[in-house]
Amino acid sequence: MKLLAQRTPLAIVGTAVALAFMPALGLPAFYDSLLYLVLHWIVLATSWNVLSGYTGYFSFGHGAFFGGGLYTSATLMSRYDWPFLWTLPAAAAVACLLGVVVGAIVFRVKGIRGEVFALLTLAVTFVLGTVIVNTPIDGGNGVSLAGVAVPKIGPTASSTFYLLALAAAAVTLLVAWGISVSKLGAGLFAIHDDEDAAEVMGVPTYRYKLVALAISCALAGVAGGIHALFLNYVTVGEVFTITVPLTVVLMSILGGSRHWAGPAVGAVAITLLLYSFTAANLAVAGKAMVGVVLIAAILFMPEGVLPRVQRLLGPRRRAPVGAADRVSPPAAATAVALDARPVAASAAAPALLRATRLAKQFRGVKALAGVDVEVRRGEILGLLGPNGSGKSTFINLVSGHYLPTAGSVVFEGRELAGRAAHRIARAGIARTYQIPRPFGHQTVLDNVALAAMFGGGLPDPQTARREAMTWLTFAGLDAKAQVLPDELNLHQRKFLELARALASRPRLVLLDEVLCGLTPAEMDDAVALVRRIRDQGATVVFVEHVMRAVMALTDRVVVFDHGELLAEGPAAEVMRRPEVMRAYLGVEHEAPAPATSSGLEAHHA
Amino acid sequence: MTLPSATLLAQSVLSGIFVGALYGLLGLGLSLSWGLLRQINLAHFAFAFLAAYLCYQLSAMGMDPLATLVIIVPAFFALGAALHALMARFAITPFNSLLVTFGLTGIVEALIQSIWTADYRKLESSYGEHRWKVAGLYVPLPELITLALAVGLSFAVWAVLRYTDLGRALRASAEDAPIAAAFGIHERRNALLLAGTCSALAGVAGLCLALGFTLAPSQIYAWVGVVFAAVMLGGLGRALAPLIAGIVIGVSEAVTMAVTAPSWAPLVSFALLIAILLFRPGRAA
């Protein structure tokens, strides 16, 4: 893995250096221009991919950011006589600023979805174009750069453009690769698969999307700056169009948008394809051909060419990586077990978390009507109640998935109500989902590593994978480390949820119906696992309907009904209270039934 | 910026209503297929232009422009149904439908360009010569036809969706397809019917385009942004909303053009679109 990690950037730089000798061959200028265009599209497609491919937020506004950079350079050169090269950083800065402003507004919109984001960013393109064409920046006539000197970097003007684009492409690819193997990249890929779950695991989703957009825009801005002088005459009509975003989308989809090199592969293919049609005077047929390629790519290879090729070569490459990661961890796993902190589940234990008058309303529906719940350090607290009584709402409020309407949540002396979910995760609270929500495109190991990295605050993917392996071993999933979550059965997915929750080393674990849907034998495994979670030091709140497990595991239970706190105390005693039985069974029970548990279980089966 | 005279302003509002009706008619099919079939059909615009060119060609061969509907409507119904059958076969997601239909737009554009070249074409018909002066305002016949078609079709679709079993079945399928199917709704047949209808609506809009505007293949993209704005402003899957939203946008554009310069017009629709998306993102859900 390490070796591979160093080889990729070396390969990028090496290729770029080798290609830099191209002009020395003295080929006709036309080759310089063709290669310039290939590299130009590599920069645009790859920069687009940093936000859109990695996170799945398809921006159709890349033309706006590219155009912003282009007009910045053009204006500085034509009006203020800046030397060309000095305008490039300015172009990057303006495009970046533009992106941050747009992103800061757009990403704040709750629940914004792919299509809406695409249309919004497309609209930004046309608004910006309209503003530029109507103000002195362009004035409606375009900007001519005929009088601007092309710096002498290569032997000819066309080779200069080629070399500049080559440098830009190399930098862009290095950045795209660097992000894909970093913590930032891991966060972005998680956003792509399940943004809510990523936030709950501790990924600062808003900030990450903004950073990715800023980087993406800055790179597009540089491409725009170079392209301004290459075109020599720029007009709004040709820059702020739908063509740029659609071409980069096409290139990335074709090459594979989840891979750093995918867009570059697509850019080379499409540019050369279009060129060969244009050269043969078949430009119109070329346009149709691009359409056909796009449709075929989406229908038959929705993941792109590169992942397809990788999968063909895959098994050979994947095995050693898995083996390397598997060597040391089992030892570490026992270390965790031995490291277990003393259990302190007595009634007198101090409160770890205290919810006071916690309430949540959904447009008039009171899901939770101001409950007071105290979770004591080291205990297993059962959260009970009929369906719709507010148990899951409570979990969602404490984990930050919902914002409370009123009330407070104090955890280890700190107020958490109203805080972003990723901050709550960092503070030491982890949760599982009733229906497991793994990141579908990442291996089981990486799923857990993500939680270790963000919730647990580990600095890089390598360390996080080692930590993750201990928790996979803890949950008995170590043999499945390298498979995708799709290949797990429900039982294993539930355990993956647990491993993911534990990997951030939380002080409080919120378990939402981990047993639901499991067979009796699997339940026994899960019950044993929950007990081990507490034994190694974490406090557990768990929502459950299976009474056998509640009786066996909990130190205390609280019972919700209709969003209010109905009862609190030891499970065996609480379940005998008439008001609790009434809430569960909906009937009056004269005499307290002896065991009750079988009846309750049947009710919810 | 000087304020234009009352007559000029009134004429602007009127032309805004006319062009807005066309936005609405184009948006109708788009909104239905997005809202009820979960497919964002970018090729809707390409289909409209293909129909417009077809109308242009048939009129040049001596047919009355309105009579071309006899050919255009069934042909585009079949085209739309075929496209939907393909999309359904591959279980395309809404976002990928956008990309696939963009690819299709490129193909149709190339087809148009290779048959009719990239030059501007204008349908010459007797309709263009008719215009009346009502209370000092010019009312041209082609625009009046557009308005009548847009209003008539929007109300017809609205009535079908609201009052017929087919309409109820379509709305039920859009809400929850498996449940609707469990209640005995023949979802696939209905979807084909709806997709065909949307496409036929694009065909009718194409006729209006041919009557009122000069045609060029590159013009396909000029309509995308503003019609999407009308669709989003109105809300998805609704029949009357695109028409109303289209007229609101058309009028505000026309007034902007009259008060400032024509080149500022795109700002109105796109600023509106951005505002809607930011403040009412649920509209697109």
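Residues numbered from 1 in each chain as written. Chains lettered and ligands numbered in written order. Predicted model: local features only at pLDDT ≥ 70, side-chain atom pairs only at ≥ 80, totals over all residues.

K.L.:
So what's going on with the interface of chain A and chain B? Residues and values would help.
P.N.:
At the junction of the two partners, chain A supplies 34 residues and chain B supplies 35 residues. Listing elements by their share of the side of chain A that touches chain B, those giving two or more residues are helix H5 (114-134), helix H11 (243-255) and helix H13 (283-300) of chain A. For the side of chain A that touches chain B, the per-class residue count stands at 26 nonpolar, six polar and two charged. (Contact = placed C-beta atoms within 7 Å. Helix = DSSP H or I, 4+ residues; strand = E, 2+ residues; numbered from the N terminus. Nonpolar A, V, L, I, M, F, W, Y, C, P; charged D, E, K, R; others polar.)

K.L.:
Talk me through the confidence of the model for chain B; I want residue IDs and the actual numbers.
P.N.:
Scored by pLDDT, chain B comes out at a mean of 87, with 97% of its residues at no less than 70. With pTM at 0.84, the complex prediction returns an ipTM value of 0.83. (pLDDT = per-residue confidence, 0-100.)

K.L.:
Outline the environment of Pro302(A), supporting the account with residue identities and numerical values.
P.N.:
All names here are of chain A. Mapped onto the fold, Pro 302 is located in the loop between H13 and helix H14 (305-326). By C-beta crowding, Pro 302 is classed as partly exposed, having 16 other C-beta atoms within 10 Å. In the structure, Pro 302 is positioned 119 residues away from Ala 421 in sequence and 32 Å away in space, judged by C-alpha atoms. (Buried ≥ 20, exposed ≤ 12 C-beta atoms within 10 Å, placed from the backbone.)

K.L.:
Please set out the sheet that holds strand E10 (residues 539-543) of chain A residue by residue, giving values where relevant.
P.N.:
Residue and element names in this part refer to chain A. Sheet architecture is open: six strands sit in the order E8-E9-E10-E5-E11-E12, paired in mixed fashion. Since the sheet does not close on itself, it has two edges, and those belong to strand E8 (429-431) and strand E12 (564-569), each with one partner. For this sheet the average axis-to-axis angle between neighbouring strands, irrespective of direction, equals 20°. Helix H24 (residues 578-585) rests against strand E11 (556-561) and E12 of the sheet, and its axis sits at about 130° to E12. (Pairing = 2+ DSSP bridges. Axes fitted to C-alpha atoms, helices over the stretch in contact; angles between N-to-C directions.)

K.L.:
I'd like to hear about the domain arrangement of chain A, residue by residue, with values.
P.N.:
Residue and element names in this part refer to chain A. Here chain A is described as being made up of domain 1 (2-241), domain 2 (343-428 + 508-570) and domain 3 (438-505). Using C-alpha coordinates to define each centre, domain 1 is positioned 47 Å away from domain 2. With eight residues of domain 1 at the interface, the matching set in domain 2 holds six residues. When its residues are assigned to classes, the side of domain 1 that touches domain 2 shows four nonpolar, two polar and two charged. (Domains from an automatic or database assignment.)

K.L.:
Mind laying out the sheet that holds strand E4 (residues 365-376) of chain A, listing which residues take part and the relevant values?
P.N.:
Residue and element names in this part refer to chain A. With antiparallel pairing, four strands are arranged side by side in an open sheet as E4-E3-E6-E7. Among the strands making up the open sheet, the edge pair consists of E4 and strand E7 (414-415). Taken together, the two bridges between strand E6 (residues 406-411) and E7 define a ladder with antiparallel strand orientation. Its bridge partner lying in E7, Phe 411 is registered against Arg 414.

K.L.:
Give me the pairing of strand E1 (residues 131-134) of chain B: which residues, what numbers.
P.N.:
Note on strand geometry: in a regular strand, side chains alternate between the two faces of the sheet. All names here are of chain B. In the sheet, E1 pairs with strand E2 (residues 137-140) via four bridges, with the strands oriented antiparallel. Considered in E2, the bridge of Lys 133 is made with Tyr 138. Counting the residues between successive antiparallel strands, the hairpin from E1 to E2 contains two residues, one of them, Ala 135, with a positive phi of roughly 50°.

K.L.:
Tell me what's going on with H5(A), and back it up with residues and numbers.
P.N.:
The end-to-end C-alpha distance of H5(A) is 31 Å, a good match for the 30 Å that 21 residues give at a rise of 1.5 Å each. For H5(A), a buried count of 17 out of 21 residues is recorded, marking the element as mostly surrounded by other parts of the structure. (Expected span 1.5 Å × (residues − 1).)

K.L.:
Tell me about the pairing of strand E5 (residues 380-384) of chain A, and please be specific about residues and values.
P.N.:
Residue and element names in this part refer to chain A. Counted residue by residue, E5 has five buried out of five residues, so it is predominantly covered. A two-sided burial pattern is seen for E5, the buried positions comprising Ile 380, Gly 382 and Leu 384 on one face and Leu 381 and Leu 383 on the other. Looking at chain direction, E5 and E10 are connected through four bridges and run parallel. Bridging from a neighbouring strand, Gly 382 pairs with Phe 542 of E10. Both E5 and E11 contribute to a ladder of four bridges, which runs parallel. Considered in E11, the bridge of Gly 382 is made with Val 557.

K.L.:
For the packing of helix H9 (residues 224-234) of chain B against helix H11 (residues 265-279) of chain B, give the residues involved together with the corresponding values.
P.N.:
Residue and element names in this part refer to chain B. Two elements in contact, H9 and H11, have axes separated by 9 Å at closest approach and are oriented at 35°. Two packed elements cross with a definite hand, and for H9 against H11 that hand is left-handed. Of the residues in H11, those touching H9 at Gly 225, Val 226, Phe 228, Ala 229, Met 232 and Leu 233 are Ser 269, Phe 270, Leu 272, Leu 273, Ile 276 and Leu 277. Broken down by class, the residue content of the contact of H9 with H11 amounts to ten nonpolar, two polar and no charged. (Left-handed = near helix turned anticlockwise from the far one by under 90°.)

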